Amino acid sequence: MSTEFCARCGRVEADGDHTRCAVLLASIDPPRFCADCGRRMVVQVTPAGWVANCSRHGERTSTSPSVD
Ligand SMILES: [Zn+2]
Ligand SMILES: [Zn+2]
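The notes below deal with the structure included here. (Residues numbered from 1 in each chain as written. Chains lettered and ligands numbered in written order. Predicted model: local features only at pLDDT ≥ 70, side-chain atom pairs only at ≥ 80, totals over all residues. Heavy atoms only, no water.)

Turning our attention to the coordination of the zinc ion (ligand 1). Here the zinc ion (ligand 1) is held by the protein donor atoms Cys6 (SG), Cys9 (SG), His18 (ND1) and Cys21 (SG), which lie 2.0 to 2.4 Å from it. Given 4 donor atoms and angles of 100 to 120° at the metal, the environment of the zinc ion (ligand 1) is assigned as tetrahedral. Residue classification places Cys21 among the buried positions, given a relative accessible area of 12%. (Donors = N, O, S within 2.8 Å, 3.2 Å for Na, K, Ca; no water. Tetrahedral: all angles 85-135°; square planar, octahedral: opposite > 155°, others 65-115°. Buried < 20%, exposed > 50% of the residue type's maximum accessible area, 1.4 Å probe, protein only.)

Angles between donor atoms at a metal ideally measure 109.5 degrees for a four-coordinate tetrahedral arrangement and either 90 or 180 degrees for a six-coordinate octahedral one. Surrounding the zinc ion (ligand 2) are the protein donor atoms Cys34 (SG), Cys37 (SG), Cys54 (SG) and His57 (ND1), at 1.9 to 2.4 Å. Taken together, the 4 donor atoms coordinating the zinc ion (ligand 2) span angles of 101 to 115° at the metal, a pattern that classifies the geometry as tetrahedral. Residue class for Cys54 comes out buried when judged on its relative accessible area of 3%. Taking relative accessible area as the criterion, His57 reaches 38% and is therefore assigned partly exposed.

Rendered as structure tokens:
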């Protein structure tokens, strides 16, 4: 994985246990922090999923096509 920061809690991936974070992110929770810099992102939930904006890295979307 190239992720440095946990997208849910914003802490460094190597620091602590993020098992629960990963589970939540994989299910319904949009990310709250940028995985690249750990900044808090502006997150909008859309009918299709979510759109998250990092002031430094730009926009991320949940492009996952409805996996059941
Ligand atoms: Zn975490
Ligand atoms: Zn970022």
